[in-house]
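Here is what each chain is made of, one letter per residue.
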Amino acid sequence: MNAPIAEPPIGGTIDHILSVLPSLIPSAQRVARICAERPEEVVEMSGADLATAADTSAATVSRTCQALGFQGFQHLRMLLVRDLGAAARAAGPQVTGTSGWLQMIADGSAEIIQTSLASVNPAAFDAAADAIVAAPRVLVAGTGGSGPAAQSFAFKLTMNGRPCEAPVDGVAQQLTARVLSPGDVCLVVSSSGANGVTLSSAAAAEEAGATVIGVTSFSRSALAEHADLLLVAGARFQSWDQGGLAIGLAQTLLLSSLQMAVAERMSDAAERARGAVREELVGIVAETHADDADDADDADDPDDADGGGDADDADGGDADGGNVRARSGGR
């Protein structure tokens, strides 16, 4: 059976291809990788040309395009042409040196933000937000490189009126997942979708009957086998040399969007929570400022500078001090 027809937004075709690529057979992976890595060449190719470049058959090219969710090679080629044209129009003059390098990082980050959610299924996203709102309990699980993103998401949920549980330890996550109940939610974050510790939590939540929401970069990863709802983003940015920033941005953007969708659905509770948080923060800052002011006053007090005594104390201080030390037995 062919996959549903894919229509990624402008700039999102390569993200979509890479999110599916790991699940393909080797010959199809070669076809998909050429499309993702050499789109400027692919748009000039025929199906037979692409088959030759991938050392496979024209039939495999056609089946690969359908497995990726496209109607065929011409559909895929049209989307690549569209994306390349949009990128060319957006390109500006190149600046050299450190300024140019920093600008390149900023421009790349902007591109990530524009395209990293291209592979997110809107229906799954809405269903995930609804499930989190309705759940009696919400567990957020994620370890390794995805751990910080999971913890940040849990903190934002709590600060916006949706209490949740987010143990840091992987074993604690798995044990907590196992005691969830039907109607509860376990949101599992794993960029690779293959982290064994995190998958154990997903499996435990599935066995407990909870709704499992997977957040990953690959649509057909091992995590997908346990997830009732799958949110996919960030497959384009998996290289360890320059991908660290990109993966983090993609995860943060997706999870922040989900948190905002949850807060929008429970606006009254979110507003009460934000008000309480603001009030508490003001109190913390005011208390800290008062302590700093007291310290400054003590430092400026002239009595403190000479030990807190006056002239009379200075005249007889040694004797009195000696008596005090004698009576107290010394130090």
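- Per an unreviewed UniProt entry, the recorded name for the chain is MurR/RpiR family transcriptional regulator, and the organism is Microbacterium capsulatum.

Comments concerning the overall build of the chain
Alright, step 1. Along the chain, the regular secondary structure elements total 15 helices and four strands.
Alright, step 2. Within the chain, the proportion of its 331 residues that are buried is 40%.
Alright, step 3. Of all intrachain contacts in the chain linking residues separated by at least 6 positions in sequence, the fraction that spans at least 24 positions is 72%.
Alright, step 4. When the accessible surface of the chain is summed, it comes to about 17,700 Å², and 56% of that surface belongs to carbon and sulfur atoms.

Observations concerning the pattern of salt bridges
Alright, step 1. Summed over all chains, the structure comprises nine salt bridges.
Alright, step 2. The residue Arg33 makes a salt bridge to Glu37 at a minimum N-O spacing of 3.6 Å. Of the two residues, Arg33 and Glu37 both sit in helix α2 (residues 26–37), four residues apart, roughly one turn of that helix.
Alright, step 3. Accessibility expressed as a relative area gives 37% for Arg33, which makes it partly exposed.
Alright, step 4. Given the relative accessible area of 54%, Glu37 is considered exposed.
Alright, step 5. Three or more residues are tied together by salt bridges with common partners; here these are Asp126, Asp130 and Arg265.

Examining empty space enclosed by the protein
Alright, step 1. Within the structure shown, the criterion is met by one cavity of 30 Å³ or more.
Alright, step 2. Considered as a void within the structure, the largest cavity measures approximately 40 Å³ in volume.
Alright, step 3. What lines the largest cavity is simply Ser191, Val215, Thr216, Ser217, Ala233, Ala250, Gln251 and Leu254.
Alright, step 4. The set of elements that each furnish at least two residues to the lining of the largest cavity consists of β3 (211–216) and α12 (243–265).
Alright, step 5. Per-element accounting of the lining of the largest cavity gives the leading share, three residues, to α12.

Remarks on unusual backbone geometry
Alright, step 1. Even without being a glycine, Asp55 presents a positive backbone phi close to 55°.
Alright, step 2. Looking at the element boundaries, Asp55 is found in the loop between α4 (47–53) and α5 (58–67).
Alright, step 3. Overall, Asp55 belongs to the exposed group, its relative accessible area being 64%.

Notes on the nonpolar core
Alright, step 1. By size, the foremost hydrophobic cluster in this structure holds 31 residues, and its most contacted members are Ile132, Leu187, Leu231 and Leu258.
Alright, step 2. Elements represented by at least two residues in this core include exactly α8 (122–134), β1 (138–141), α9 (147–159), β2 (185–189), β3, β4 (229–232) and α12.
Alright, step 3. Here the element with the most residues in this core is α8; it accounts for six residues.
Alright, step 4. Those residues in contact with Leu258 that lie beyond four places of it in its chain are Phe125, Ala128, Ala129, Ile132, Phe153, Leu187 and Leu231.
Alright, step 5. Leu18, Leu21, Val31 and Val42 belong to the second largest nonpolar core, which has 27 residues in total.

Quick word on the sheet that holds β1
Alright, step 1. Strand order in the open sheet formed by four strands is β1-β2-β3-β4, with parallel pairing between adjacent strands. The open sheet has two free edges, formed respectively by β1 and β4, since each of these has just one partner strand. Here the average twist between neighbouring strands, direction ignored, is 15°.
Alright, step 2. Sheet topology places β1 next to β2; four bridges connect them, and they run parallel. Of the residues in β2, the one forming a bridge with Leu139 is Cys186.
Alright, step 3. α9 contacts β1 and β2 of the sheet and is inclined by roughly 155° relative to β1.

About the thresholds
- Residues numbered from 1 in each chain as written.
- Predicted model: local features only at pLDDT ≥ 70, side-chain atom pairs only at ≥ 80, totals over all residues.
- Heavy atoms only, no water.
- Helix = DSSP H or I, 4+ residues; strand = E, 2+ residues; numbered from the N terminus.
- Buried < 20%, exposed > 50% of the residue type's maximum accessible area, 1.4 Å probe, protein only.
- Contact = heavy atoms within 4.5 Å.
- Areas by Shrake-Rupley, 256 points an atom, 1.4 Å probe, with all protein chains shown as cover.
- Salt bridge = Lys/Arg side-chain N within 4 Å of Asp/Glu carboxyl O.
- 1 Å grid on protein atoms, 1.4 Å probe; cavity = no way out; pocket = protein on both sides within 12 Å on 5 of 7 lines; lining within 4 Å.
- Points joined across faces, edges and corners; volume = space filled by probe spheres on them.
- Core = buried A, V, L, I, M, F, W, Y, C linked by side-chain atoms within 4.5 Å.
- Pairing = 2+ DSSP bridges.
- Axes fitted to C-alpha atoms, helices over the stretch in contact; angles between N-to-C directions.

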